[in-house]
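Now for the letters of each chain:
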Amino acid sequence: MTKVTTTFLEDNYSKIKETKISGRWITLKDIKPLFDDLHISINFNIAGKSEEDRDIYKLKFGSGERRILIWSQMHGNESTGTKAVFDFLNFIKLYPDSEIVKSVLDNCELIIVPLLNPDGAEVYTRVNSNNIDLNRDAVDLKAKESKVLRKILDGFNPDFCFNLHDQRTIFGVEGTNNPATISFLAPSEEETREITKGRKETMNVIVAMNSLLQQLIPNHIGRYTDEFYPTATGDNFQKLGHNTILIEAGHFPDDYEREIVRKYNFYALLQGIHHISIADNFKNHTSYLAIPNNIKNFYDVIYRSKNNEKDVAYQYAEKVENGKFALALTKEKEGNLSSYLAHKEFNKKQ
Ligand SMILES: [Zn+2]
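Residues numbered from 1 in each chain as written. Predicted model: local features only at pLDDT ≥ 70, side-chain atom pairs only at ≥ 80, totals over all residues. Heavy atoms only, no water.

1. Some details on the coordination of the zinc ion
At step 1: Within the protein, the zinc ion binds to His75 (ND1), Glu78 (OE), Glu78 (OE) and His165 (ND1); these donor distances fall in the range 2.0 to 2.6 Å.
At step 2: For the zinc ion, the four donor atoms are set out with angles of 54 to 152 degrees between them, so the coordination reads as irregular.
At step 3: Between the donor residues of the zinc ion, the gaps in sequence give the motif H-x2-E-x86-H. Within this pair, whereas His75 is found in the loop between strand S3 (66-72) and helix H3 (80-94), its partner His165 is found in strand S5 (residues 160-166), the two being separated by 90 residues in sequence. Residues His75 and His165 agree in their burial class; the two are buried. (Donors = N, O, S within 2.8 Å, 3.2 Å for Na, K, Ca; no water. Tetrahedral: all angles 85-135°; square planar, octahedral: opposite > 155°, others 65-115°. Helix = DSSP H or I, 4+ residues; strand = E, 2+ residues; numbered from the N terminus. Buried < 20%, exposed > 50% of the residue type's maximum accessible area, 1.4 Å probe, protein only.)

2. Overview of the nonpolar core
At step 1: Counting residues in hydrophobic clusters, the biggest one holds 73 residues, and the most contacted among them are Ile70, Phe88, Phe162 and Phe266.
At step 2: Looking at this core element by element, the count peaks at nine residues for helix H9 (residues 260-278).
At step 3: In this view, Ile70 contacts Val85, Leu110, Ile111, Ile112, Val113, Phe162, Leu164, Leu269 and Ile273; residues no more than four positions away in its chain are not counted.
At step 4: Ile111, Ile132, Leu149 and Phe237 belong to the second largest nonpolar core, which has 17 residues in total. (Core = buried A, V, L, I, M, F, W, Y, C linked by side-chain atoms within 4.5 Å. Contact = heavy atoms within 4.5 Å.)

3. A few points about the UniProt feature "domain: Peptidase M14" (unreviewed entry) in the protein chain
At step 1: UniProt's feature table lists "domain: Peptidase M14" (unreviewed entry) at residues 12-276, given in the numbering used throughout.
At step 2: Between the end C-alpha atoms of residues 12-276 there is a gap of 23 Å, over a span that is 36% helix and 19% strand. (UniProt positions renumbered as here; feature names shortened; annotations may be inferred.)

4. Observations regarding the state of the cysteines
The bond known as a disulfide is covalent and runs between the sulfur atoms of two cysteines.
At step 1: For the structure on display, the rule yields zero disulfides.
At step 2: Residue Cys161 stays outside any disulfide, its sulfur separated by 13 Å from that of Cys108, the closest cysteine.
At step 3: Using a relative accessible area of 0% as the deciding quantity, one classes Cys161 as buried. (Disulfide = S-S within 2.5 Å.)

5. Digging into the side chain of Glu145
At step 1: With respect to the helices, strands and loops of the structure, Glu145 is situated in helix H6 (residues 144-156).
At step 2: Despite its burial, Glu145 remains without a salt bridge, the nearest opposite charge being carried by Lys144 at 7.7 Å.
At step 3: If we skip the residues at most four places from it in the chain, Glu145 touches Ser50, Glu51, Ile56, Leu116, Asp119, Asn128 and Leu134. (Lys, Arg positive; Asp, Glu negative; His and termini not counted. Salt bridge = Lys/Arg side-chain N within 4 Å of Asp/Glu carboxyl O.)

6. A few points about the environment of Glu18
At step 1: Position of Glu18 relative to the elements: it lies in the loop between helix H1 (6-16) and helix H2 (28-31).
At step 2: When its relative accessible area of 7% is taken as the criterion, Glu18 is described as buried.
At step 3: Once the C-alpha coordinates of Glu18 and Lys283 are considered, the two residues, 265 residues apart in sequence, prove to be 34 Å apart.
At step 4: With near-sequence residues (within four places) excluded, Glu18 lies in contact with Leu34, Phe86, Asp87, Asn90 and Arg262.
At step 5: A distance of 3.0 Å separates a polar side-chain atom of Glu18 from the backbone nitrogen of Lys20. (Polar contact = N/O pair within 3.5 Å; in protein donor to acceptor, adjacent residues only side chain to side chain.)

7. Details of the UniProt feature "active site" (unreviewed entry) in the protein chain
At step 1: Listed under "active site" (unreviewed entry) in the UniProt record, and renumbered for this structure, are Glu227.
At step 2: Of note, Glu227 is situated in the loop between strand S8 (221-223) and helix H8 (233-239).
At step 3: Leave out the neighbours within four places in its chain, and Glu227 touches Arg193 and Asp235.

Here's what the structure looks like:
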């Protein structure tokens, strides 16, 4: 096994998957027991505390020169990246003697923060307990969680970062009728969105991940707008010289638990990390620009009317209720919705 192949992954994923965590609501209590079961070479410790004094863990391993920093769930209700990270950690444990794992551990040093916002995760919110969006706090660093991540960044000085998020089900891939199952972004460093040397390197890693995923879920992969967000984490880290890859896990048909997209998120992560471990250079970036745009063109459900005159669209609102994750269908829009798609469509009789 010298390179990541779709055949190997598809044949073995059921073995690799960390089955102790699943579904949408993943909290610190869910991931803590997993730390005791990691590959022997992986060290873990508490990197800092959240606003409500929950532990923020940091895993460290590998002895190479290329430094990679990965964090997930900076938005507390976006757990797919966390599940993908533990699938990746299982892969290392299962195949320590494979060329892939040896290459990663010999050529890279990795730090993973698998749940940056444990308070938000606990109550299934995007923000932290002070209502701060950590992904808009990279300049002010008001939140304790943002300070923890910045301290790791400054101390570790990574060459590459993976910033793992979930996107809503409203996104599709431009030019197709498909939802955006996985989307990528190589963030801008300033308002002119110049394609700097660093951004080209970020794009190069995305190209490697995209080409693997296209074999399995062709035309389900989108590219986010590179509009500059001055206070966003990725934009600021990229500007500081740490190439930052944004991965947004999205919708796959009928996969509201995000257990299918979790698999593709893991494949992308593994491919990206392996690529960083073996690449001679990170120059080839142009096919990044050919990945279609992410567009907002989906609802969860549309009831179609005759001539589309009185279509009705619904979205699932996500919440945690009585200790369980739940979806509640909520009316969003009425009128002619012929320019929109839905994950489920029904025809009204009238
Ligand atoms: Zn997010």
